[in-house]
Amino acid sequence: MKQRGVTIWLTGLSGAGKTTITHALEKKLREEGYPLEVLDGDIVRTNLTKGLGFSKEDRDTNVRRIGFVAGLLTRHGVIVLVSAISPYREIRDEIRGKVGDFVEVFVNAPLNVCEDRDVKGLYKRARSGEIKAFTGIDDPYEAPLNPEVECRTDLETLEESVDKVWQKLEEMGYVAKPVAV
Ligand code: ADP
């Protein structure tokens with residue numbers, strides 16, 4: 001049977017766990033032999049969307065470009081993992097509509113948890129005013145209203161979060177049960 005493509009879109013605050021979950025899913029999908037691409041927001045900003053900043057307009061352009069590429073790949077049977085803050089609901093929903101095969105994963109941890117983690121030291125810089133328009137601090141984040149999956153990374157282990165996504169992909173027919181080893 002031909003592999004069905006799908007875009008798995010991980011959205012959430014900086015430090016919520018998008019990259020960590022993406023890496024774990026990537027490993028699992030590769031082990032199971034699925035055709036796969038990863039579009040990581042931070043990496044994409046160094047090539048596909050280089051030069052864009054963090055105004056609403058630039059964020060929207062950034063996310064739309066990622067969505068455009070994800071859509072092309074999805075059409076060709078690829079499983080696309082997108083990891084991007086993508087703070088605006090309207091744009092995510094627009095991409096959902098265009099891509100069709102779209103699984104939104106709300107990677108959710110309260111702001112104070114993300115800030116305590118401060119994986120990249122960015123919250124500290126945002127609080128001190130060195131970085132402006134930082135999502136969650138002085139820029140909005142609009143949480144998904146009906147995500148296919150919500151991972152509460154302050155309450156679940158990484159394994160639990162990954163299992164939740166996998167379970168949903170199985171239910172929706174994008175992946176099969178992993179081969180038992
Ligand atoms: P983001 O990509 O959203 O900015 P990161 O993945 O870089 O976030 O950082 C998330 C941090 O949260 C990591 O240090 C990770 O180990 C930790 N963490 C704790 N529990 C989880 C979980 N269930 N899922 C993902 N990350 C988790």
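One can find the structure itself at the top, above this paragraph.
Thresholds applied
- Residues numbered from 1 in each chain as written.
- Predicted model: local features only at pLDDT ≥ 70, side-chain atom pairs only at ≥ 80, totals over all residues.
- Heavy atoms only, no water.
- Near = heavy atom within 4 Å.
- Polar contact = N/O pair within 3.5 Å; in protein donor to acceptor, adjacent residues only side chain to side chain.
- Areas by Shrake-Rupley, 256 points an atom, 1.4 Å probe, with all protein chains shown as cover.
- Helix = DSSP H or I, 4+ residues; strand = E, 2+ residues; numbered from the N terminus.
- Nonpolar A, V, L, I, M, F, W, Y, C, P; charged D, E, K, R; others polar.
- Buried < 20%, exposed > 50% of the residue type's maximum accessible area, 1.4 Å probe, protein only.
- Pairing = 2+ DSSP bridges.

## Description of the site of the ligand
Here is step 1: Taken together, the neighbourhood of the ligand is formed by 17 residues, with Gly 15, Gly 17, Lys 18, Thr 19 and Thr 20 sitting nearest.
Here is step 2: Between the ligand and the protein, one listed contact pairs an oxygen atom with a backbone N or O atom of Gly 15 at 2.7 Å.
Here is step 3: Interatomic distance of 2.9 Å between a backbone N/O atom of Gly 17 and an oxygen atom of the ligand.
Here is step 4: Burial of the ligand by the surrounding chains reaches 79%, relative to a free accessible area of 580 Å².
Here is step 5: At the level of elements, α1 (18-31) and α7 (158-171) are the ones that each hand at least two residues to the shell around the ligand.
Here is step 6: Ranked by the residues each element gives to the shell around the ligand, the list is headed by α1, at 4 residues.
Here is step 7: Residue classes in the shell around the ligand are distributed as 5 nonpolar, 8 polar and 4 charged.

## Section: the pairing of strand β4 (residues 102-108)
Here is step 1: Burial of β4 is extensive: 7 of the 7 residues sit out of reach of the surface.
Here is step 2: Burial along β4 is two-sided: Phe 102, Glu 104, Phe 106 and Asn 108 and Val 103, Val 105 and Val 107, pointing in opposite directions, are all buried.
Here is step 3: Where strand β1 (residues 6-11) meets β4, 5 bridges bridge the pair, whose relative direction is parallel. In the sheet register, Trp 9 faces β4, and the bridge partner there is Glu 104.
Here is step 4: Summarising the sheet, β4 and strand β5 (residues 149-152) pair through 4 bridges and their orientation is parallel. Opposite Val 107, over in β5, you have Cys 151 as the bridge partner.

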